[in-house]
Structures are given as C-alpha cells and as structure tokens.
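Architecture and fold: a report
As a plain string of letters, each chain reads:
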Amino acid sequence: MTARGAKPLPTKIKLLHGTLRKHRMNAHEPKAQPSMPSCPAELGPLAKREWKRISQHLSAMGLLTTIDRAALALYCDNYGRWLEAIKALQQYGVVIKSPNGYPMQSPYVAIANKAGEQVRLLLAEFGMSPASRVRVHAQPAAPEEDPFTRYEKGYRGSAS
C-alpha cells in the first residue's frame, strides 16, 4: 500500500522553491554532493544527445548527483523514444491501413503518448517543466576560488 498525500520533496528542492521550514526538515535526510553522473552506454543516440544537453543545465543548477543517474537515464530514454515515435508519425501518419485494408490508428501514436507521459512525470522530478520550474528559485553555484590565489593575495598584502 502506498502512502497517502503529496510525496515529500527533498530539502534541496524545498530550499530552491523557497518553502523550506526548519521545523519540517528531515534531520536524517541523506545528503549527496552535486556531481555529473556518467551517461549509460546502453542509451540510444537520441537519448545520449538529450543526456549531454540536459545534464549540463541540471549540474549547473546543483540539482544533479551521481545517484540521479538512473532517473536521468529513464528521462533521456523516454525522450528519445518519444522523438522516434514523433518522427515515425510524421513519416507514416496517424492513421494507417490494417492488413484487411481498413483504416486504423498507427501504433506510433500509443508509443508517443506513453513515452510523452513518462517524460512529463520525470520532468517534474527534476524541476524541468514550466509548472515545477515556477516554484524553483535556483541560483547558480559561485565559482570556487583557487586556494593559491587567496594565498598569493594574502602574501602580497603582507609584503607591501
């Protein structure tokens, strides 16, 4: 049996949404360092192209960790499948002839619809849909200063 009500959001998403309240925080929530996961070799060419495109944006916002690899792979795989189905629909049309000669709906319609629904659900998980993005107040991570630069500044400042 599944839990009732809205599923809880990770603290990072609550912080980005601006809805984080100290008394509602999970003190035992696992923390993962933002990092770029490797692209699975099993993804098709369209899915790999989407991986390269979207992983850079998610990483820049600090929303991607190595543990998110499977969820991102699912998104990219379904996105690639949706694109393939859309291309087939453009080529063959929405209505095709059955073996008996009667018009019928192309099987690519069902494939595109199912993959599109999966993509929509996964977009919301990463805050990539317009509705979920409205609630995110993300700030790009500040570039880290080179520790040697800081040391040189201090050294030069004391020599003057």
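The shown structure was predicted, so the numbers you read here are calculated from the model rather than taken from an experiment. (Residues numbered from 1 in each chain as written. Predicted model: local features only at pLDDT ≥ 70, side-chain atom pairs only at ≥ 80, totals over all residues. Heavy atoms only, no water.)

Digging into the nonpolar core
In this structure, Ile 54, Leu 58, Leu 72, Tyr 75 and Cys 76 are the most contacted members of the largest nonpolar core, which totals 17 residues. At the level of secondary structure, the elements contributing two or more residues to this core comprise helix 1 (11–17), helix 2 (45–60), helix 3 (69–92) and helix 4 (107–125). In contact with Tyr 75, other than residues within four places in its own chain, are Glu 50, Arg 53, Ile 54, Val 119, Leu 122, Leu 123 and Met 128. (Core = buried A, V, L, I, M, F, W, Y, C linked by side-chain atoms within 4.5 Å. Buried < 20%, exposed > 50% of the residue type's maximum accessible area, 1.4 Å probe, protein only. Helix = DSSP H or I, 4+ residues; strand = E, 2+ residues; numbered from the N terminus. Contact = heavy atoms within 4.5 Å.)

Some remarks on the environment of Asp 77
With respect to the helices and strands, Asp 77 occurs in helix 3. Here the alpha-carbon distance between Asp 77 and Pro 45, two residues 32 residues apart in the chain, equals 9.6 Å. Beyond its immediate chain neighbours, meaning those up to four positions away, Asp 77 contacts Leu 43 and Ala 47.

As for the environment of Leu 43
Tracing the backbone through its elements, the reader meets Leu 43 in the loop between helix 1 and helix 2. Residue class for Leu 43 comes out buried when judged on its relative accessible area of 10%. Through-space distance from the C-alpha of Leu 43 to that of Cys 76 is 7.9 Å; in sequence the pair is 33 residues apart. In this structure, Leu 43 is in contact with Lys 48, Trp 51, Ala 73, Cys 76 and Asp 77, ignoring residues within four places of it in sequence.

A short note on the environment of Lys 114
Relative to the helices and strands, Lys 114 is located in helix 4. With 36 residues separating them in the primary sequence, Lys 114 and Asn 78 have C-alpha atoms 8.7 Å apart.

Topic: the pattern of salt bridges
Counting across every chain of the model gives three salt bridges. A salt bridge links Glu 117 to Arg 120, with the nearest nitrogen and oxygen atoms 2.6 Å apart. Linking Glu 117 with Arg 120, this pair stays in helix 4, spanning three residues, or about one helical turn. A residue is classified by how much of its surface remains accessible, and Glu 117, at 33% relative accessible area, is partly exposed. With relative accessibility at 46%, the residue Arg 120 sits in the partly exposed group. (Salt bridge = Lys/Arg side-chain N within 4 Å of Asp/Glu carboxyl O.)

Purely geometric numbers; function is a separate question.
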